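What the coordinates show
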Amino acid sequence: VQLVESGGGLVQPGGSLRLSCGASGFSFSWYDMRWYRQAPGKERELVAGITGRGDSTNYADSVKGRFTISRDNAKNTVYLQMNSLKSEDTAVYYCNTDLSYKMVWGQGTLVTVAS
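Quick look at the structure, then. (Residues numbered from 1 in each chain as written. Predicted model: local features only at pLDDT ≥ 70, side-chain atom pairs only at ≥ 80, totals over all residues. Heavy atoms only, no water.)

1. Focus on the packing of aromatic side chains
Our working rule: Stacked, tilted and edge-to-face pairs are distinguished by plane angle, under 30 degrees for stacked and over 60 for edge-to-face with tilted covering the rest, among Phe, Tyr and Trp rings (Trp via its six-membered ring) whose centres lie within 6.5 Å. Accessible area is worked out with a 1.4 Å probe on protein chains only. A residue is then buried under 20% of its type maximum, exposed over 50%, and partly exposed in between. Whether a charge sits over a ring comes down to the Lys NZ or Arg CZ being within 6 Å of the ring centre and within 35 degrees of the ring normal.
Counted under the stated rule, the structure contains 4 aromatic pairs. Look at Phe26 and Phe28: their rings are 6.3 Å apart centre to centre, the planes differ by 55 degrees, and that puts the pair in the tilted class. With relative accessibility at 2%, the residue Phe28 sits in the buried group. Between Phe26 and Tyr31 the ring centres are 5.8 Å apart and the planes differ by 70 degrees, which places this aromatic pair in the edge-to-face class. An aromatic cluster is present here, built from Phe26, Phe28 and Tyr31 joined pairwise through their rings. Taking the ring centre of Phe28 as reference, the NZ or CZ of Arg71 above it sits at 4.3 Å.

The following block contains the structure:
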């Protein structure tokens, strides 16, 4: 069972990035997927979630209207499109799922928003 994030990097305020998370080792379409983030010196927080079929999503208030979570079950991949990025979005972003018997985390991808 594995989650592998990619797509992080340095971006200027107001810019955009798309994160990807590839999944393997479990029946991807059966499970809700989530993106979390952890900024320096802060606790990890939930950013967005999506159901297994992709028919329902939820977002933290701080990213509503700017971030979009989506998934492609044929590719076993979940995405996070981040627009209008702010300095306070700087964090390590983690992909996550709860298999009931096991909570699975990726290794994280760093997003830095700075001019």
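2. Section: the pairing of strand E8 (residues 77-82)
Applicable threshold: Helical segments are the DSSP runs of H or I of at least four residues, strand segments are the runs of E of at least two, and each set is numbered from the N terminus. Here a strand pair is declared whenever DSSP counts at least two bridges between the two strands.
Counting buried positions over the 6 residues of E8 gives 5, a clear majority of the element. Sheet topology note: the strand E3 (residues 17-24)/E8 ladder contains 6 bridges and is antiparallel. Looking at E8, one finds that Leu19 is bridged to Leu80. The turn joining strand E7 (residues 67-72) and E8, which pair antiparallel and follow one another in sequence, is formed by 4 residues; a positive phi near 55 degrees is taken by Asn76.

Shape is all these values report; function is a separate question.
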